[in-house]
Amino acid sequence: MPDSSPSPLDPINAYLRTELPLTHAMGIAVTSWDGHTVTLTAPLAPNMNHADTAFGGSIAALGILAGYTLLFLAMRDRQISNRLLIQKSEVDFLRPIDTELRATATAPDSPALDTFLETLRRKRRARISLPSSIFTGQLLAATHTGLYIAFLY
């Protein structure tokens, strides 16, 4: 019998579906968060293109959302109320994805994150560049680099 107990990730998945409806349409789910690395997955079917592989826009969106979710969770865990936006996004497509899409983003080293958070506290806004990786199975299929802006409110 499957475990039907609530997951600690249920609130973040509900937040993403409500605040960013594209995540619902794409079937995106946050599947892990250990305080340092976040993993998101999305099924292939709603993200498929005419060649039966993942649509480039879906891959790009998943890369953006991996970085966004990492920052959202890192600041939530530190009880910092903010708004996050993507300012710049760059994707390198390395190979077709013909399986479930999986993206990971890892928090930057402590000095970079500390500088970002201190700037946010002092100036009420800050920018940080974050990479994410998108996989097909165990193979790296795409890389994303996003410049994110956080605003205190």
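What counts, and at which threshold
Residues numbered from 1 in each chain as written. Predicted model: local features only at pLDDT ≥ 70, side-chain atom pairs only at ≥ 80, totals over all residues. Heavy atoms only, no water. Salt bridge = Lys/Arg side-chain N within 4 Å of Asp/Glu carboxyl O. Helix = DSSP H or I, 4+ residues; strand = E, 2+ residues; numbered from the N terminus. Expected span 1.5 Å × (residues − 1). Buried < 20%, exposed > 50% of the residue type's maximum accessible area, 1.4 Å probe, protein only. Arc of directions from axis to C-beta. Contact = heavy atoms within 4.5 Å. Phe/Tyr/Trp six-rings, centres within 6.5 Å; stacked < 30°, edge-to-face > 60°. Pairing = 2+ DSSP bridges.

**Some remarks on the pattern of salt bridges**
Phase 1 of the analysis: Throughout the structure, instances matching the rule amount to one salt bridge.
Phase 2 of the analysis: Among the salt bridges present, the one from arginine 76 reaches aspartate 77, with a minimum N-O distance of 2.9 Å.

**Quick word on helix H4 (residues 110-123)**
Phase 1 of the analysis: Its 14 residues give H4 an end-to-end C-alpha distance of 20 Å, which sits within 8% of 20 Å, the value for a rise of 1.5 Å per residue.
Phase 2 of the analysis: Among the residues of H4, Leu113, Phe116, Leu117, Thr119 and Leu120 are the ones counted as buried. Considered in projection along H4, the buried side chains sweep an arc of 160° and stay on one side of the axis. Exposed side chains of H4 directed beyond 90 degrees from the buried face belong to Pro111, Arg121, Arg122 and Lys123.
Phase 3 of the analysis: Where H4 is buried, its residues meet helix H3 (56-77), strand E5 (125-136) and strand E6 (139-152).

**Some details on the packing of aromatic side chains**
Phase 1 of the analysis: Considering all chains together, one arrives at two aromatic pairs under this definition.
Phase 2 of the analysis: Look at tyrosine 15 and phenylalanine 72: their rings are 4.5 Å apart centre to centre, the planes differ by 20°, and that puts the pair in the stacked class. Here the residue tyrosine 15 occupies a position in helix H1 (residues 10-19), and phenylalanine 72 occupies one in helix H3, the gap between them amounting to 57 residues.
Phase 3 of the analysis: Given a relative accessible area of 18%, phenylalanine 72 falls into the buried group.
Phase 4 of the analysis: Ring plane angle 10° and centroid distance 6.4 Å describe the contact between tyrosine 68 and phenylalanine 72, whose orientation is recorded as stacked.

**Remarks on H3**
Phase 1 of the analysis: Here H3 contains 22 residues, and its C-alpha end-to-end distance of 32 Å stays within 8% of the 32 Å for a straight helix at 1.5 Å per residue.
Phase 2 of the analysis: Counting buried positions along H3 gives 17 out of 22 residues, so the element sits mostly inside the fold.

**Brief notes about the pairing of strand E4 (residues 101-106)**
Strand residues, when the strand is regular, have side chains that alternate between the two faces of the sheet.
Phase 1 of the analysis: Relative to E4, strand E2 (residues 37-42) runs antiparallel, the two sharing six bridges. Within the sheet, the bridge partner assigned to alanine 42 lies in E4 and is leucine 101.
Phase 2 of the analysis: Pairing between E4 and E5: five bridges, direction antiparallel. Across the sheet, the residue bridging to alanine 105 is serine 132, located in E5.

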